[in-house]
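Structural description and commentary
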Amino acid sequence: MPYEQITQEDAKKMMDSEKDFIILDVRTPEEFASGHIKDAVNIPNETIFDKEPTELTDKSQLILLYCRSGRRSKEAAKKLAKIGYTNIKEFGGIIDWKWDIIQ
């Protein structure tokens, strides 16, 4: 499998314990502005094509990926894996996130 599906609990544990990772929000800029996970980077799924996004320079870096409900994050995870990213963990949608969200 090109990426790993993880639980939100596992994603939160990684955020609390890992170093040098990216939290990637693939919703639209408007959705991102309405509330997102602290330190998340916004790269809308619709903007990910066949070349690496400039914000993601290390293809082996841990990427924790989410969207609103989980559909777009799965699409984005597949696209990033196809470009060559190797450490993608997809954890679904922010609508199920039990922890703090910032605006």
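Summary of the structure given here. Sequence positions are assigned chain by chain, starting from 1 and proceeding in written order. Residue-level local features of this predicted model are given only where pLDDT is at least 70; pairs of side-chain atoms are given and counted only at 80 or more, and the full residue set underlies all totals for whole chains, interfaces and linings. Processing note: side-chain calculations cover all non-hydrogen atoms of the structure and skip hydrogens and water entirely.

**Section: unusual backbone geometry**
- Even without a glycine there, the phi angle at D20 is positive, about 55 degrees.
- Along the polypeptide, D20 turns up in the loop between helix 1 (8–17) and strand 2 (21–25). Only DSSP runs of H or I reaching four residues or more are called helices, and only runs of E reaching two or more are called strands; each is numbered from the N terminus.

**Details of the layout of surface pockets**
- Approximately 190 Å³ is the volume attributed to the largest pocket.
- Any residue with an atom within 4 Å of a point lines the site, the site being either a cavity, points on a 1 Å grid over the protein atoms alone where a 1.4 Å probe fits but cannot get out, or a pocket, an open set with protein on both sides within 12 Å along at least 5 of 7 lines. In this structure, the largest pocket is lined by K12, M15, D16, F21, I23, I37, K38, D39, W97, W99, D100 and I102.
- By residue number, the principal contributor to the lining of the largest pocket is helix 1, which donates 3 residues. Grid points are joined across faces, edges and corners, and a volume is the space filled by probe spheres set on the points.

**Quick look at the packing of aromatic side chains**
- Whether two aromatic rings pair depends on their centres lying within 6.5 Å, for rings of Phe, Tyr and Trp, where Trp uses its six-membered ring; planes under 30 degrees apart make the pair stacked, over 60 edge-to-face, and the rest tilted. Tallied over the full model, the rule gives 3 aromatic pairs.
- Between F91 and W97, the aromatic rings sit 5.5 Å apart at their centres with planes inclined by 45 degrees, giving tilted as the arrangement. Side by side, F91 and W97 carry an identical accessibility label, which is buried.
- Ring centres 4.7 Å apart and planes at 65 degrees place the aromatic pair W97 and W99 in the edge-to-face group.
- Here the aromatic residues Y66, F91, W97 and W99 are joined through ring pairs into a cluster of three or more. We call a residue buried when its accessible area falls under 20% of the maximum for its residue type, exposed when it is over 50%, and partly exposed in between, using a 1.4 Å probe and counting protein chains only.

**A few points about the pattern of salt bridges**
- Note on definitions: salt bridges are taken to be side-chain nitrogens of Lys or Arg within 4 Å of carboxyl oxygens of Asp or Glu. For the coordinates displayed, the defined rule picks out 9 salt bridges.
- The salt bridge partner of E52 is K59, with a shortest N-O separation of 3.3 Å.
- You can call K59 partly exposed: its relative accessible area is 28%.
- Residue K74 is joined to E90 by a salt bridge in which the shortest nitrogen-to-oxygen separation is 3.5 Å.

**Some thoughts on the pairing of strand 4 (residues 62–67)**
- Taken across its 6 residues, strand 4 has 6 buried, putting it largely inside the fold.
- Burial along strand 4 is two-sided: the face carrying L62, L64 and Y66 and the face carrying I63, L65 and C67 are both buried.
- We call two strands paired when DSSP finds no fewer than two bridges between them. Relative to strand 4, strand 2 runs parallel, the two sharing 5 bridges. Paired with F21 across the strands is L62, a residue of strand 4.

**Let's talk about the nonpolar core**
- In these notes, a set of buried Ala, Val, Leu, Ile, Met, Phe, Trp, Tyr and Cys residues joined through side-chain atoms within 4.5 Å is what counts as a nonpolar core. Counting residues in hydrophobic clusters, the biggest one holds 17 residues, and the most contacted among them are L24, L56, L80 and I88.
- Looking at this core, the elements that each hand over two or more residues are strand 2, strand 4 and helix 3 (71–83).
- Ranked by residue count, the leading element in this core is helix 3, at 5 residues.
- Aside from chain neighbours lying at most four places away, what touches L80 is L24, I48, P53, L56, Y85 and I88. Working rule for contacts: check all heavy atoms of both residues, and any pair within 4.5 Å makes them a contact.

**Quick word on helix 3**
- Helix span, as expected, comes to 1.5 Å for every residue beyond the first. Helix length check: helix 3 (13 residues) gives 19 Å between terminal C-alpha atoms against 18 Å at 1.5 Å per residue, within 8%.
- Of the positions making up helix 3, those classed as buried are R72, S73, A76, A77, L80, A81 and I83. The buried residues of helix 3 occupy an angular sector of 165 degrees when projected down its axis, which confines them to one face. The outward face of helix 3, more than 90 degrees from its buried face, is lined by the exposed residues R71, K78 and K82.
- The inward-facing, buried residues of helix 3 contact strand 2, helix 2 (29–33), strand 4 and strand 5 (88–93).
- G84, located one to two residues past helix 3, shows a positive phi value of around 125 degrees. Relevant arc is that of directions from the helix axis to the C-beta atoms, nothing else.

Nothing here speaks to function; it is geometry throughout.
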